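Observations on chain architecture
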Amino acid sequence: MTEKIKEQILAVRDTGRTNMFDTNMVQLIAFQMEFHELVDFIETNRSDYVRFIMTGK
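Computed from a predicted model, the values in this text were never measured in an experiment.

**Side note on the overall build of the chain**
On a plain count of helices and strands, the chain comes out with four helices and zero strands. Secondary structure elements in the chain, listed N-terminal to C-terminal, are α-α-α-α. Computed over C-alpha atoms, the radius of gyration of the chain comes to 10 Å, within 12% of the 10 Å expected from 2.2 N^0.38 for 57 residues, which places it in the range of a compact globule. With respect to the three principal axes, the spread of C-alpha positions in the chain is 25 × 20 × 20 Å. Residue burial in the chain is summarised as follows: out of 57 residues, 32% are buried. Long-range pairs, those at least 24 residues apart, make up 42% of the contacts in the chain with a sequence separation of at least 6.

Now the structure itself:
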């Protein structure tokens, strides 16, 4: 996971618009924020995304 992806995840989290485990809504918000890299990352690396949300690593 790149630093850019981490920054995008944190930016979505900071909106407070969704539970970060609701990956479909996270992807929608990311798309609206033009974070297309994050949308693709969640689609192809969902387990890595969840691991980051749970552990910060």
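Having put the structure on the table, let's press on.
**Observations regarding the nonpolar core**
One finds Ile9, Val12, Met20, Val26, Ala30, Leu38 and Tyr49 to be the most contacted residues of the largest nonpolar core, which totals 14 residues. Put simply, the parts of the chain that give this core at least two residues each are helix 1 (3-15), helix 2 (23-32), helix 3 (36-44) and helix 4 (46-55). Broken down by element, the residue count for this core peaks at four residues, all from helix 3. Contacts of Val26, omitting those with residues within four sequence positions, involve Val12, Thr18, Asn19, Met20, Ile42 and Tyr49.

**Some details on helix 3**
Considered for burial, the residues of helix 3 that qualify are Leu38, Val39, Phe41 and Ile42. Here the buried residues of helix 3 occupy an arc of 165° about the axis, which is enough to place them on one side. Exposed residues lying more than 90 degrees from the buried face of helix 3 are Glu43 and Thr44. On its buried side, helix 3 packs onto helix 1, helix 2 and helix 4.

**Regarding the side chain of Thr18**
Turning to its location among the elements, Thr18 is positioned in the loop between helix 1 and helix 2. For Thr18, the contacting residues outside a window of four places in its chain are Met25, Val26 and Ile29.

Thresholds, definitions, all that
Residues numbered from 1 in each chain as written. Predicted model: local features only at pLDDT ≥ 70, side-chain atom pairs only at ≥ 80, totals over all residues. Heavy atoms only, no water. Helix = DSSP H or I, 4+ residues; strand = E, 2+ residues; numbered from the N terminus. Rg over C-alpha atoms; globule rule 2.2 N^0.38 Å. Buried < 20%, exposed > 50% of the residue type's maximum accessible area, 1.4 Å probe, protein only. Contact = heavy atoms within 4.5 Å. Core = buried A, V, L, I, M, F, W, Y, C linked by side-chain atoms within 4.5 Å. Arc of directions from axis to C-beta.

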